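Summary of the model geometry
Here's the letter readout for the chains.
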Amino acid sequence: MITALVVACAGGAGAVTRFLLDAAITRRVRARVPIATLIINITGSLLLGGLSGLAVGLSADGPAAVVTAALGTGFCGGYTTFSTASVEVVRLWVAEGRAIGVGYAVATLVGSVLAAALGMASAQLVLA
């Protein structure tokens, strides 16, 4: 029960962080594509990759497992936003054309996967 509460609180913190960062980026960067969501999903994937790499390397249990769940499932889950990215792909497809929509989808997927891999590799280097 405590773990669920901690994950829920961390998820709320991640969502608020996403909201504030999205607003800050959008105010500063004017682009045809929603660059804020792209940045948020890539940085969230980097963080989750690093946390996952640490969790695997440390075989976290007990309090460490709660922290891993809170940060990984809670914070990163609230911070990243696959549903928003999906809607933005469709919106770009309709408003800007198929190439822009598909390009944004590919950039989101490839950037997020590479960031997660970098995060995991970095964690492994730290643990080595």
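Residues numbered from 1 in each chain as written. Predicted model: local features only at pLDDT ≥ 70, side-chain atom pairs only at ≥ 80, totals over all residues. Heavy atoms only, no water.

Observations regarding the nonpolar core
Core analysis: the biggest nonpolar cluster contains five residues, these being A10, I40, A70, F75 and Y79. With three residues, the single largest contributor to this core is helix α3 (residues 63-79). Leave out the neighbours within four places in its chain, and A70 touches V6, V7, A10 and F75. (Core = buried A, V, L, I, M, F, W, Y, C linked by side-chain atoms within 4.5 Å. Buried < 20%, exposed > 50% of the residue type's maximum accessible area, 1.4 Å probe, protein only. Helix = DSSP H or I, 4+ residues; strand = E, 2+ residues; numbered from the N terminus. Contact = heavy atoms within 4.5 Å.)

Side note on a nonpolar patch on the surface
A grouping of V90, W93, V94, V102, V106, L109, V110, V113 and L114 is seen on the molecular surface, where their side chains present a nonpolar patch of about 850 Å² in accessible area. Counting residues per element, the ones that place at least two in the nonpolar patch are α4 (82-96) and α5 (98-127). In terms of residue count, the dominant contributor to the nonpolar patch is α5 (six residues). Of note, V106 is situated in helix α5. Here V106 falls in the partly exposed class, since its relative accessible area comes to 46%. (Patch = residues over 30% accessible without salt bridge, like charges linked within 9 Å, V, L, I, M, F, W, Y side chains within 5 Å. Areas by Shrake-Rupley, 256 points an atom, 1.4 Å probe, with all protein chains shown as cover. Salt bridge = Lys/Arg side-chain N within 4 Å of Asp/Glu carboxyl O.)

Remarks on the confidence of the model for the chain
Summarising the model, the chain shows a mean pLDDT of 92, and 97% of its residues fall at 70 or more. By mean pLDDT, α3 is the weakest element of the chain at 88, and α5 is the strongest at 96. (pLDDT = per-residue confidence, 0-100.)

Some remarks on the pattern of salt bridges
Following the criterion strictly, the structure yields one salt bridge and no others. R32 is paired through a salt bridge with E96; the nearest N and O atoms lie 2.8 Å apart. A residue pair is termed long-range when its members are at least 10 positions apart, and R32 in the loop between α1 (2-28) and α2 (35-58) and E96 in helix α4 qualify at 64 residues. By relative accessible area, R32 is classed as exposed at 54%. On the accessibility criterion, E96 (31% relative accessible area) is partly exposed.

As for the packing of α4 against α5
Where α4 contacts α5, the two axes come as close as 6 Å, and the packing angle between them is 155 degrees. Looking at the two axes, α4 sits roughly antiparallel to α5. When the axes of α4 and α5 are compared, the crossing they make is right-handed. Contacts between α4 and α5 involve A85, E88, V89, L92, W93 and E96 on the former and, on the latter, R98, I100, G101, V102, Y104, A105 and T108. Tallied by class, residues from the contact of α4 with α5 come to eight nonpolar, two polar and three charged. (Axes fitted to C-alpha atoms, helices over the stretch in contact; angles between N-to-C directions. Parallel < 35°, antiparallel > 145°, perpendicular 65-115°, else oblique. Left-handed = near helix turned anticlockwise from the far one by under 90°. Nonpolar A, V, L, I, M, F, W, Y, C, P; charged D, E, K, R; others polar.)

Details of the environment of I100
Looking at where I100 falls in the secondary structure, it is placed in helix α5. In sequence terms I100 and R32 are 68 residues apart; their C-alpha atoms lie 9.1 Å from each other.

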